[in-house]
Amino acid sequence: MVDYEVQAPPTTGSAQDAAAYLKAKFPGAVSDDTRPGFQGVIVEAGKLTEVAQAIRDELGYNYLSSATAVDYHGAGDHMEMVYHAYRISGGGALNFKVQTDREKPVIPSLVSLYPGADFQEREAYDLYGIHFSGHPNLKRILMWEGFEGHPMRKDWKEAYYEGEAKPFDSRWPSGWVHRAEEKNIYGSNVRYPADFDLSKLADRSDEAVYSSASIGVDYQRMTDPDDIRTDQLVVNMGPHHPSTHGVFRMVLKLDGETITGLEPVMGYLHRNHEKIGERNTYLHNIPFTDRLDYISSMGNNFGYVMAVEQLMALGARYTAPTYRSEVIRVLMAELTRIVNHLWSIGFFLNDIGAFFTPMLYANAEREKILDFFEATAGSRLMCNYMRFGGVFKDLPERIRSTANLMNDKIRDYNTMEFLSDMINERLPRFLEEYDRYLTGNEILLERTVGQGVLSAQDAIAMSCAGPLLRGSGVAYDVRRADPYSIYPELDFDIPVGKQGDLFDRYKVRMDEMHESLRILRQLLPRLEQTKGEDIMVGTKAYSPRIPQGEAYGRVENPKGELGFYVVSWGDAKGTQNPWRYHVRAPSFINLTALGPMSVGQKVADVVAILGSIDIVLGETDR
Amino acid sequence: MSSKELDLRQMHDTEFPLPMEMQGNVAITSLSKIYNWSRRSSMWPMLFGLACCAIEMIGTASSRFDFSRFGMEVMRATPRQSDLMIVSGTVTKKMIVPIVRLYNQMPEPKYVMAMGACASGGGPFKEGYNVVSGIDKYLPVDVYVPGCPPTPQALLYGLIALQKKIDGQSLANLDDVPWYGVGPSEPTPIPILGPDIIDPRQMDLIRRQAELAAAGMPVGVRELPPVIKTVKAIPSKAAKAAVAEVIDEGEAQRREEIMRRRQAVLARKRARDAAKGA
Ligand code: SF4
């Protein structure tokens, strides 16, 4: 019995109120995180489920945005799970953490409360070796079953390991360059355990996939040559399949043509962003973020620089980015959204059978925007454009592009005229045309209406984001729910669907392009007004020192909420390399809904459902 | 097919004389040339994207750049119908297993193009624990296209380079075109996902290393050369001696050699200037 009165839970107040409520309700089990630069509360592992229940049901933080692990090896020697929960009605995060022992890390699973934690906990298990008691399907997700060790732990060294942090001594100051193969005895990127026994070698990677909970196929029985009579059929789609949008694999359990179970298998493009990112300097990571969601690189830049700027703001000398740089950032982010939606709608139509023609149409329009990116940032795809404190280059005076991309010669345009022509003339005309050809089309309606339905409750519970969430009727958009940059002063609406089917997602994307155009039209005069102003604040530094602390920067990327969890730790004067660099990838977490949406549908529909989620593997697997 | 492709005068490549009036209709040429011409003019790439580079590959395939101009528009989703595998993106250890399988399923003659930094050598992600340092660790590569990602123009250039390469191949040379040799060719061994990726061709090496490890010798990593510390100012004799210690013999010699050459060049330059002045 507590001897003081527990207030009614604040369902609208700030995270501080919520923390105070939790501390009062769970005395001893919840405490403030007092490390400099850190926020939120630390929850005792034994009480996590109860506390999380209170956070979700009493305080109203019903949307778990991110859950990730941090290894404080040599700096406290514990592991930590960090959760960021939000209210779907908007507002800031409640950040709660659980600490556990490095040797035998065990944390209760939150999947029953927040189904969206499913893949993220599996990822933490895979890369950090944390066991989640009560997780229904705890197995490796990015690496294969049988891989040695948990690679994200700080004391795990990769085969090409050279130093803890870049720049490596050999490169600077020594200045000699070597090929990493030369120092590895096998001449390639491998390392084997010391007690490696080749005679016991077995490839167990697929066994685990087939014995999964949702597939539920008896692998022993399947491979038993005497038993061939079985009613279930297991079909592998991917990793090489034209409709999986990259190297994604689905294992389908079929009854006739109806799907009774679906197990997504990923990691075929797991290229270790986070491990590399923790060796890199902060600045190094910007071009790496380009390669996450490689269709919308500008948006990725935006999220990352925001997270690091949050950290920089903890220091004494910090100036916020200038107005012009914010305008340019938003301009780029919205153009990126159009690029991405053109691409994803084109491919979605591909998936439902409108083979390539709509995609080629959309792509031609996209090329025009890429021309603008190329003229500004120097690259069509991997823009590497934003910096801490601004952007690295102002818009050019003139742009070289062509009028119709097919048989025209290269022309020289004034940038602002080019932009205004694109935003006011070309893109609206194209969207209108696209709408006219497609949206009312009977085949499209037939294939999409009422298929792959995801209810609003499920979408929230599974931490879905972006058009997938909004298609289900939840008007949650980070640009409005937790505004950043200059979005508060811009006028735009958030399109939402009604039923949460494939058509609604398609429609949300179409409408979002119109809204983006609306934003872009408001940006043009702002660009004119701020002409000649600074685009960068602070001194340019190759390796800025970032004050200690943690930050979670999130933006509404075209595919959904993209978050960067960055921890600077280990040096009181500030660090040059992030201690933890985690990407909350919308494509990855949105896939949680793939299985539930597909069960009961036909095989041909699963392709369309996947297309409607709009994943990109660079971000899914990281 | 454009009429230029069909210009028989270009196909004609023997000493054998043809009457003037027949030159537009008849050509006498070698079998190699006919084979190569037909093969390189209808190259069917596999519809197969790995990572970011695949986006530029699709960009190259679509209307603005349009590689169907080179007879490549028929992208096949199945390896059994394709001639060319464009490895467009980062090859991970998990993915190399299916890639080798796909390659083995492609009928000969087959070509591999490594598109981008990742496929050529690991690229920006080379140090990653799940990344293969270039597809050429497993498959024979015909053309490397640099870039991250290569622009569509660069990819087109790579495709043209591949066509040139095919043009130069000779049926008489089995090193050039192994698929006309006797008997079926060997499939590439499929890597195994053990505690780390295992290339079956490296089994012996791995076994030897494991034995060394059992004997207490270090495995896996060779020693790097020592890091040379640069010392900025050299105030005294003592510091010089300290520098001499870190900079080993060979390094000192190398530097001397560089200084000597530099002096020689300078002397020559002065002499030239003096000659000009005079
Ligand atoms: S080379 Fe660059 S663009 Fe291509 S796959 Fe690698 S990281 Fe992506």
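Parameters at a glance
Residues numbered from 1 in each chain as written. Chains lettered and ligands numbered in written order. Predicted model: local features only at pLDDT ≥ 70, side-chain atom pairs only at ≥ 80, totals over all residues. Heavy atoms only, no water. Helix = DSSP H or I, 4+ residues; strand = E, 2+ residues; numbered from the N terminus. Rg over C-alpha atoms; globule rule 2.2 N^0.38 Å. Contact = heavy atoms within 4.5 Å. Lys, Arg positive; Asp, Glu negative; His and termini not counted. Charge placed at Lys NZ, Arg CZ, Asp CG, Glu CD. Buried area = accessible area lost by both parts, 1.4 Å probe. Salt bridge = Lys/Arg side-chain N within 4 Å of Asp/Glu carboxyl O. Polar contact = N/O pair within 3.5 Å; in protein donor to acceptor, adjacent residues only side chain to side chain. Nonpolar A, V, L, I, M, F, W, Y, C, P; charged D, E, K, R; others polar. Buried < 20%, exposed > 50% of the residue type's maximum accessible area, 1.4 Å probe, protein only. Pairing = 2+ DSSP bridges. Axes fitted to C-alpha atoms, helices over the stretch in contact; angles between N-to-C directions. Domains from an automatic or database assignment.

Q: Whenever I open this one, the overall build of chain A confuses me. Can you help?
A: Each helix and strand in chain A was counted, giving 20 helices and 17 strands. At 25 Å, chain A has a C-alpha radius of gyration in line with the 25 Å of a compact globule built from 622 residues. Within chain A, residue pairs in contact and separated by at least 24 positions form 68% of the contacts whose partners lie at least 6 positions apart. Taken together, the 67 basic and 86 acidic charged side chains of chain A have centroids lying 4 Å from each other.

Q: What's the story with the interface of chain A and chain B in this structure? I'm lost.
A: A common way to express how large an interface is: the accessible area buried when the components associate. Listed as interface residues are 76 residues of chain A and, on the opposing side, 61 residues of chain B. By the criterion of area lost to chain B, the three top residues of chain A are Trp144(A), Tyr186(A) and His240(A), representing 12% of everything that side buries. Here chain A is connected to chain B by four salt bridges. Across the salt bridge formed by Asp371(A) and Arg64(B), the nearest N and O atoms sit 3.0 Å from each other. Inspection of the chain A/chain B interface yields 25 residue pairs in polar contact (both at pLDDT 80 or more). Of all the elements in the fold, those that place two or more residues in the side of chain A that touches chain B are α6 (273-279), α9 (323-351) and α10 (357-377) of chain A. When residues in the side of chain A that touches chain B are grouped by element, the largest group, seven residues, is from α10(A). Looking at the side of chain A that touches chain B residue by residue, the class counts come to 43 nonpolar, 16 polar and 17 charged.

Q: Sorry, what's going on with the pattern of salt bridges here?
A: Two side chains with opposite charge may pair up if their charged atoms get near one another. Residues and elements named next belong to chain A. If you walk through the whole model with that rule in mind, you get 54 salt bridges over all chains. When the shortest N-O distance is used, the salt bridge between Arg 526 and Glu 489 registers 2.9 Å. Placement of Arg 526 in helix α16 (residues 502-529) and of Glu 489 in the loop between α15 (478-481) and α16 is noted, with a sequence separation of 37 residues between them. Among the residues examined, Glu 489 registers a relative accessible area of 40% and is labelled partly exposed.

Q: Looking at this structure, how should I read the sheet that holds strand β15 (residues 549-557) of chain A?
A: By definition, the strands of a sheet pair up through backbone hydrogen bonds, in either a parallel or an antiparallel sense. Residue and element names in this part refer to chain A. Strand order across the open sheet formed by three strands is β15-β16-β17, with antiparallel pairing between neighbours. In the strand order of this sheet, the two ends are held by β15 and β17 (580-584), each with one partner. Adjacent strand axes in the sheet meet at a mean angle of 10° when their direction is disregarded. Taken together, the nine bridges between β15 and strand β16 (residues 560-568) define a ladder with antiparallel strand orientation.

Q: Would you mind showing me how to read the domain arrangement of chain A here?
A: All names here are of chain A. Annotation of chain A at the domain level lists domain 1 (15-133), domain 2 (203-271 + 585-622) and domain 3 (316-402 + 409-547). Opposite the 18 residues of domain 2 that make contact, domain 3 presents 19 residues. Of the roughly 1500 Å² buried at the junction of domain 2 and domain 3 (both faces included), carbon and sulfur atoms supply 56%. When the buried area of domain 2 at its contact with domain 3 is split by residue, Met 597, Ser 612 and Asp 614 rank highest and sum to 30% of it. Where domain 2 meets domain 3, there are one salt bridge.

Q: Please clarify how the domain arrangement of chain B should be interpreted in this entry.
A: Residue and element names in this part refer to chain B. The domains assigned to chain B are domain 1 (1-40) and domain 2 (43-206). The interface of domain 1 with domain 2 comprises six residues on the first partner and 12 residues on the second. Summing both partners gives a buried area of about 860 Å² for domain 1 against domain 2, and 49% of it is carried by carbon and sulfur. Interface area lost by domain 1 to domain 2 is led by Asn 36, Arg 39 and Arg 40, which between them contribute 76%. Between domain 1 and domain 2 we count one salt bridge in total. In this structure, the salt-bridge partner of Arg 40 is Asp 167, at a minimum N-O distance of 3.1 Å. Its residues assigned to classes, the side of domain 1 that touches domain 2 comprises two nonpolar, two polar and two charged.

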